[in-house]
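Overview (structure and organization)
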2 protein chains.
Amino acid sequence: MTGPSRSGGRKGRRTARDAAPKRKVDYRNLRNPFPVMNLVSDDRVHAMHDAALEVLERLGLKVLLPEARRLLKAGGARVDDGAEMVFIGREMVEAALASAPKRFDARAGARHRDLTFELGRLMFQPGAGCPHATDLERGRRPGTAQDFRELVTLTQAFDVLHMVPPLVEPQDIAPHVRHYEMTRAQLTLSDKLPFVYARGTRQVRDAFEMISDFRGVSDAEFAAKSHCYTIINTNSPRVLDVTMAQGLIDFARAGQVSIVTPFTLMGAMAPITVAGAMTLSHAEALAAITLTQLARPGAPVCYGTFTSNVDMKSGAPAFGTPEHFKASLLAGQLARLIGLPWRSASGSAANLGDAQAANETQFGTWGCLLAGATVVIHAAGWLEGGLTVSYEKMITDLDVLQMVAELCAETPAGEDEIGLAALEEVRPGGHFFGAAHTMARYQTEFYRPLVGDWSNFGTWSERGAVDATTRATGIWQRIVEEKTGAPELEADRVAALEAFIARRTADGGAPPES
Amino acid sequence: MTGPSRSGGRKGRRTARDAAPKRKVDYRNLRNPFPVMNLVSDDRVHAMHDAALEVLERLGLKVLLPEARRLLKAGGARVDDGAEMVFIGREMVEAALASAPKRFDARAGARHRDLTFELGRLMFQPGAGCPHATDLERGRRPGTAQDFRELVTLTQAFDVLHMVPPLVEPQDIAPHVRHYEMTRAQLTLSDKLPFVYARGTRQVRDAFEMISDFRGVSDAEFAAKSHCYTIINTNSPRVLDVTMAQGLIDFARAGQVSIVTPFTLMGAMAPITVAGAMTLSHAEALAAITLTQLARPGAPVCYGTFTSNVDMKSGAPAFGTPEHFKASLLAGQLARLIGLPWRSASGSAANLGDAQAANETQFGTWGCLLAGATVVIHAAGWLEGGLTVSYEKMITDLDVLQMVAELCAETPAGEDEIGLAALEEVRPGGHFFGAAHTMARYQTEFYRPLVGDWSNFGTWSERGAVDATTRATGIWQRIVEEKTGAPELEADRVAALEAFIARRTADGGAPPES
């Protein structure tokens with residue numbers, strides 16, 4: 001949606017929309033309109049890239065999965081199986097960067113939801129990976145399947161969110177069948193690109209099968225184009241664990257998207273300097289990208305980083321800080337050096353949706369935007385440094401993302417818009433409310449906020465003096481109730497999906513591997 | 001201050017500072033580090049400039065002050081005194097733009113507070129011109145002299161606020177002596193560049209005399225360099241009223257800074273299109289600049305705009321919107337075309353310091369930053385579209401401004417910062433908390449937030465689950481109580497100031513003119 005639904009029900013809304021000229025703003029295919037900001041000079045970026053290559057070649061990386069070590073060894077790496085250490089030469093990295101596609105497409109449930117990953121594009125994801133969910137009605141609680149479904153519905157409702165991430169962990173579903181629930185919810189409640197956790201080959205294969213069956217594509221078609229994606233975190237510093245390494249291999253072989261994201265907190269799992277932390281992050285990302293290209297040359301892989309700082313007194317992670325912003329800028333410079341689409345992240349360490357939370361998230365988002373990030377995750381709803389996803393903060397942050405999306409559209413400034421005739425029509429000291437120039441545009445010219453309230457203090461007080469976060473409750477509740485923008489489903493595909501899940505569940509499911 | 005004061009009293013704070021290595025971040029002399037964003041192509045900017053010149057030449061401007069019409073007529077304008085209309089030829093505008101300085105200095109109460117106005121610099125002001133003040137302790141009320149003094153003290157306490165604006169209207173002081181109180185408060189509680197309202201020649205001369213006496217400069221020294229500034233709003237569309245025109249003349253003749261700021265709300269006092277509104281704003285600004293240069297060639301004048309949109313249903317003004325952002329970008333393009341330093345504005349229409357308020361203000365600020373604005377006003381504390389200044393929002397917004405200021409400093413990325421030795425020191429899966437590289441920097445590497453709280457949910461809950469706005473109360477209260485960073489005063493100058501005020505007050509003061 002490109003604005004709030006204020007009328008009841010889907011039919012009611014459609015009628016209201018017909019009555020007023022609809023603003024034609026496409027939030028789906030965004031290109032980053034902001035000039036790219038460099039934090040350091042090009043020679044410093046090259047120095048960091050060189051240092052990262054030296055880290056991989058001389059210091060090495062611990063790779064816990066034997067199959068990954070075998071692949072890397074076959075690719076030319078020096079491997080110490082006893083110590084599980086792998087030393088990757090720079091020529092291997094260069095070969096991987098040569099074969100990794102600079103641009104690739106991902107196919108969603110409907111053609112207008114398909115995505116293209118390449119530098120210059122701009123895609124948003126809401127906050128993800130949270131063990132808890134919170135809203136003003138039900139409070140803070142461990143995430144459930146219901147929370148996951150509701151948050152998928154919210155993600156679906158807004159064009160400015162371009163793919164579905166693992167919003168919240170549905171802890172009420174047993175781990176060996178949780179991936180069924182998460183995949184089912186994404187397929188039936190959204191037609192956007194779904195996410196699959198890399199928690200072992202069996203779960204991943206299950207999800208691939210569910211997606212290809214539900215999308216009605218053959219195995220060959222599935223392999224030829226990406227239909228889902230995962231996010232791979234390295235265990236900084238310099239460890240690639242079993243599950244993550246397996247995920248990189250499984251997704252690459254299946255032609256599905258891996259978004260490689262070392263999570264390097266400055267001063268904790270990474271050097272305290274932004275240049276040092278990004279050098280480590282870059283080294284780990286290059287190692288992961290190399291593994292994908294050894295598993296399948298040309299496999300779609302997205303560069304990424306999640307680098308922020310910690311409170312050096314408590315060790316608590318912080319987000320939306322100046323250091324986080326700088327890390328995004330450096331990551332963007334490194335991403336442009338290697339030419340790959342890349343993911344950055346916003347976020348907040350606040351414990352509720354207050355001014356701190358709003359400011360941190362928006363500040364973090366601007367870091368991503370000026371860094372030229374292709375995918376911006378945790379851009380809406382993320383609290384407590386990712387421990388909780390907030391329904392209300394999702395809505396208040398979405399207002400910002402929609403405002404950013406408005407800036408992606410071209411602004412006309414022809415003779416009609418300069419409007420000399422209108423300037424002539426209105427006498428000095430007059431007003432433009434009734435001018436023909438205004439009348440022709442007043443329903444469509446301006447962005448209408450989702451939750452922002454511009455009424456004056458008296459009116460606002462009479463209406464109960466409700467703050468934005470509290471107002472957001474009604475907005476998400478309406479969307480969850482109406483399933484705004486939910487895809488039309490084909491009954492036979494849903495039935496087949498359910499049958500698959502029932503069969504696999506009866507067979508014992510697929511426990512996560514590690 | 002570059003962080004919160006947590007210890008008691010000035011002496012206590014100094015001791016605490018001595019104990020820990022102080023972060024050396026200069027928030028005083030900022031250059032805008034962000035790449036400039038253009039909204040439209042150069043030819044469209046030229047078209048807008050040409051349209052503005054045509055507005056001035058063909059449609060004309062209503063100038064209510066006879067002296068201003070005489071000056072403009074003497075400068076070559078066609079004047080219709082009966083209709084109070086002035087038609088300004090483009091050659092007059094070009095001459096004015098040739099004589100207006102591209103760079104000028106303003107002298108504050110201490111050399112480290114002096115300011116330079118030129119494109120590329122970056123200065124912030126808190127919210128200004130508000131009839132009301134609000135804080136969580138005392139509620140929303142008409143502004144008083146106490147509020148004004150307290151807000152000057154808050155402005156003084158933060159290096160990231162570069163000059164004092166007319167924060168709140170001290171409505172408890174009679175209009176004919178109000179300028180004495182406002183000038184006294186600024187001079188005695190701050191050493192930053194003071195603001196003087198253009199409310200008639202007598203008030204302006206009083207303030208000039210108070211400032212030059214208090215600063216200890218001769219009349220010649222005062223005239224040779226700016227020691228204060230004013231803001232001149234045109235009455236859009238196309239009216240320059242008596243007081244504003246007189247202000248432009250008085251300040252120009254005295255060599256003091258006028259910041260010219262048409263306040264053009266799209267769809268209300270200006271065309272609904274951003275290109276149309278900015279064309280009108282530009283025309284009015286050029287007329288005002290022309291008047292200053294006719295009054296005194298070479299007079300310091302700052303270009304400016306305050307262009308946002310209104311809610312087309314209610315007419316209520318909105319700030320921090322996509323349209324506001326775009327207007328800032330266009331104003332920046334026009335400012336660069338004419339080469340003058342310029343002022344833009346942030347702001348919020350929210351009625352309290354909630355997520356909407358935070359998001360609108362930060363969004364508006366980013367519009368100014370990417371537009372390359374030299375002075376950003378209303379960047380902290382402004383609510384209700386300027387009807388109220390909030391003490392708490394001042395603090396929460398200051399955290400954002402300080403984070404922006406952090407990005408103005410160069411980020412080192414030499415071999416030490418890349419830190420290959422640190423990367424080698426920490427084994428795979430280890431951490432950097434104890435690394436020598438970390439220990440050498442942990443007290444100074446990161447920005448420490450003013451009000452942001454990074455503690456985890458449990459700790460934060462135990463401490464009372466206090467939101468950022470509520471936490472801000474304690475921060476401003478401490479600053480107001482301690483008068484953090486207040487200047488040392490010379491008793492004889494204060495006495496002379498008081499004597500001047502007593503004498504002038506006894507003589508009947510100086511009623512505002514209009």
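Numbers given to residues run from 1 along each chain, matching the order in which its sequence is written. Each chain is given a letter, starting from A, and each ligand a number, starting from 1, according to the order in which they appear as written. Since the coordinates come from a predicted model, pLDDT governs what is reported: local features require at least 70, and pairs of side-chain atoms require 80 or more to be given and counted, while whole-chain, interface and lining totals use all residues.

Observations concerning the overall build of chain A
Filter applied, for reference: Labels follow the DSSP assignment, with helices taken as runs of H or I lasting at least four residues and strands as runs of E lasting at least two, numbered in each case from the N terminus. Whether a residue is buried, exposed or partly exposed follows from its count of other C-beta atoms within 10 Å of its own C-beta, namely 20 or more, 12 or fewer, or something in between, respectively; the C-beta atoms are built from the backbone. Throughout, a residue-residue contact means that the two C-beta atoms, derived from backbone geometry, are no farther apart than 7 Å.
Of the regular secondary structure elements, chain A holds 19 helices and 19 strands. Dimensions of chain A, computed from C-alpha atoms along their principal axes, come out at roughly 80 × 60 × 45 Å. The burial tally for chain A puts 59% of its 514 residues in the buried class. Considering only contacts in chain A between residues 6 or more positions apart, those separated by 24 or more positions represent 75%.

Focus: helix α13 (residues 391-408) of chain B
Condition: Here the expected span of a helix is defined as 1.5 Å times the quantity of residues minus one.
For α13 of chain B, with 18 residues, the first-to-last C-alpha span of 26 Å sits near the 26 Å given by 1.5 Å per residue. Burial runs high along α13 of chain B: 17 of the 18 residues are buried.

So, the sheet that holds strand β10 (residues 229-232) of chain B
Using the following cut-off: Two strands are counted as paired when DSSP detects at least two bridges linking them.
Here 7 strands make up an open sheet; going across it, the order is β1-β7-β17-β16-β14-β12-β10 (chain B) and the pairing mixed. The two strands at the open ends of the sheet, each matched to only one other strand, are β1 (30-31) and β10 of chain B.

Here's the deal with the packing of helix α5 (residues 145-157) of chain A against helix α18 (residues 468-482) of chain A
All names here are of chain A. For clarity, the cut-off: Lines fitted to C-alpha atoms define the axes, with helix axes restricted to the stretch in contact, and inter-axis angles between N-to-C directions lie between 0 and 180 degrees. Any angle that falls under 35 degrees is termed roughly parallel, while one over 145 is termed roughly antiparallel, one within 65 to 115 roughly perpendicular, and all others oblique. Classification used: nonpolar for Ala, Val, Leu, Ile, Met, Phe, Trp, Tyr, Cys and Pro, charged for Asp, Glu, Lys and Arg, polar for all others including Gly.
One way to put it is that α5 packs onto α18 with a least axis distance of 9 Å and a crossing angle of 95°. With respect to their mutual orientation, α5 and α18 come out roughly perpendicular. Between α5, through E150, T153, L154 and A157, and α18, the contact on the second element is made entirely by W476, I479 and V480. When the residues that make up the contact of α5 with α18 are grouped by side-chain class, the tally is 5 nonpolar, 1 polar and 1 charged.

A word on the relation of the copies chain A and chain B
We apply this condition: Least-squares superposition of the copies uses the C-alpha atoms of those residues scoring a pLDDT of at least 70 in each of them.
When chain A is fitted to chain B, the best match, at an RMSD of 0.0 Å, comes from turning it 180° and sliding it 0.0 Å along the axis. Look at the turn and shift together and you get a two-fold axis relating the two. Considering only C-alpha atoms, the part of chain A nearest the rotation axis is A355 of chain A, at 2.5 Å. The fraction of interface residues of chain A whose copies in chain B are also interface residues reaches 100%, indicating that both copies meet through the same surface.

Considering the environment of V45 of chain A
All names here are of chain A. Looking at where V45 falls in the secondary structure, it is placed in helix α2 (residues 42-59). Each C-alpha atom of the pair V45 and A331 lies 9.4 Å from the other, and the pair is 286 residues apart in sequence. If we ignore the near neighbours within four places in the chain, the residues touching V45 are V40, Q333, L334 and L337.

What to know about the pairing of strand β7 (residues 121-124) of chain B
Strand residues, when the strand is regular, have side chains that alternate between the two faces of the sheet. Residue and element names in this part refer to chain B. In this sheet, β7 lies alongside β1 in antiparallel orientation, the contact comprising 2 bridges. Bridging from a neighbouring strand, R31 pairs with R121 of β7. Bridging between β7 and strand β17 (residues 375-377) involves 2 bridges; their strand directions are parallel. Bridge pairing in β17 links F124 to V376.

Some thoughts on the sheet that holds strand β3 (residues 78-80) of chain B
Remark on secondary structure: sheet strands pair via backbone hydrogen bonds, oriented parallel or antiparallel. Residue and element names in this part refer to chain B. Read across the sheet, 4 strands follow the order β3-β4-β2-β11 without closing on themselves; strand pairing throughout is mixed. The sheet terminates laterally at β3 and β11 (239-240), the two strands that pair on one side only. Of the pairings in the sheet, the one linking β3 to strand β4 (residues 85-87) comprises 3 bridges and is antiparallel in character. Bridged to V79 within β4 is V86.

Considering the interface of chain A and chain B
Of the residues lining the interface, 99 residues belong to chain A; the matching set on chain B comes to 99 residues. Looking at the side of chain A that touches chain B element by element, the count peaks at 10 residues for helix α12 (residues 355-370) of chain A. Looking at the side of chain A that touches chain B residue by residue, the classes come out as 56 nonpolar, 25 polar and 18 charged.

A few points about the environment of K62 of chain B
Residue position: K62 of chain B is located in strand β2 (residues 61-63). When the C-alpha atoms of K62 of chain B and L294 of chain B are compared, they prove to be 17 Å apart, with 232 residues separating the residues in sequence. Dropping the residues within four chain positions of it, K62 of chain B is found in contact with P428 and G429 of chain A together with E84, M85, R238 and V239 of chain B.

Let's talk about unusual backbone geometry
Residues S236 of chain A and P237 of chain A are joined by a peptide bond in cis, for which omega reads -5°. Tracing the backbone through its elements, the reader meets P237 of chain A in the loop between β10 (229-232) and β11 (239-240). Notably, A465 of chain A is not glycine yet its phi reads approximately 50°, a positive angle. Mapped onto the secondary structure, A465 of chain A falls in the loop between α17 (457-462) and α18. On the basis of neighbour count, A465 of chain A is assigned to the exposed category, with 11 C-beta atoms found within 10 Å. Located in the positive-phi region is K483 of chain B, a residue other than glycine, with phi close to 50°. The residue K483 of chain B is located in the loop between α18 (468-482) and α19 (491-506) in this model. The exposure class of K483 of chain B is partly exposed, given the 15 C-beta atoms found within 10 Å.

Points about the packing of α12 of chain A against α13 of chain B
The line we're drawing: In this scheme the handedness of a crossing depends on how the near helix is turned from the far one: anticlockwise by less than a right angle means left-handed, clockwise means right-handed.
With their axes 10 Å apart at the nearest point, α12 of chain A and α13 of chain B run at an angle of 20° to one another. By the angle between their axes, α12 of chain A is roughly parallel relative to α13 of chain B. Here α12 of chain A and α13 of chain B pass one another in a crossing that is right-handed. Facing α12 of chain A, whose interface residues are A355, Q356, N359 and F363 of chain A, α13 of chain B presents T396, D399, V400 and M403 of chain B.

Some details on the nonpolar core
Short version of the rule: Buried Ala, Val, Leu, Ile, Met, Phe, Trp, Tyr and Cys residues form a nonpolar core when they are connected through C-beta atoms within 7 Å. What counts as a domain boundary in this text is fixed by an automatic or database domain assignment.
If you look at the biggest cluster of nonpolar residues, it comprises 344 residues, and the most contacted ones within it are L291 of chain A together with L291 of chain B. Counting residues domain by domain, this core receives three or more from each of domain 1 (1-409 + 448-514) and domain 2 (411-446) of chain A. What L291 of chain A contacts, discounting residues up to four positions off in sequence, is A68, L71, L72, A245, L248 and I249 of chain A.

Quick look at the environment of H282 of chain A
Residue position: H282 of chain A is located in helix α10 (residues 274-295). Separated by 231 residues in sequence, H282 of chain A and A51 of chain A place their C-alpha atoms 9.4 Å apart.

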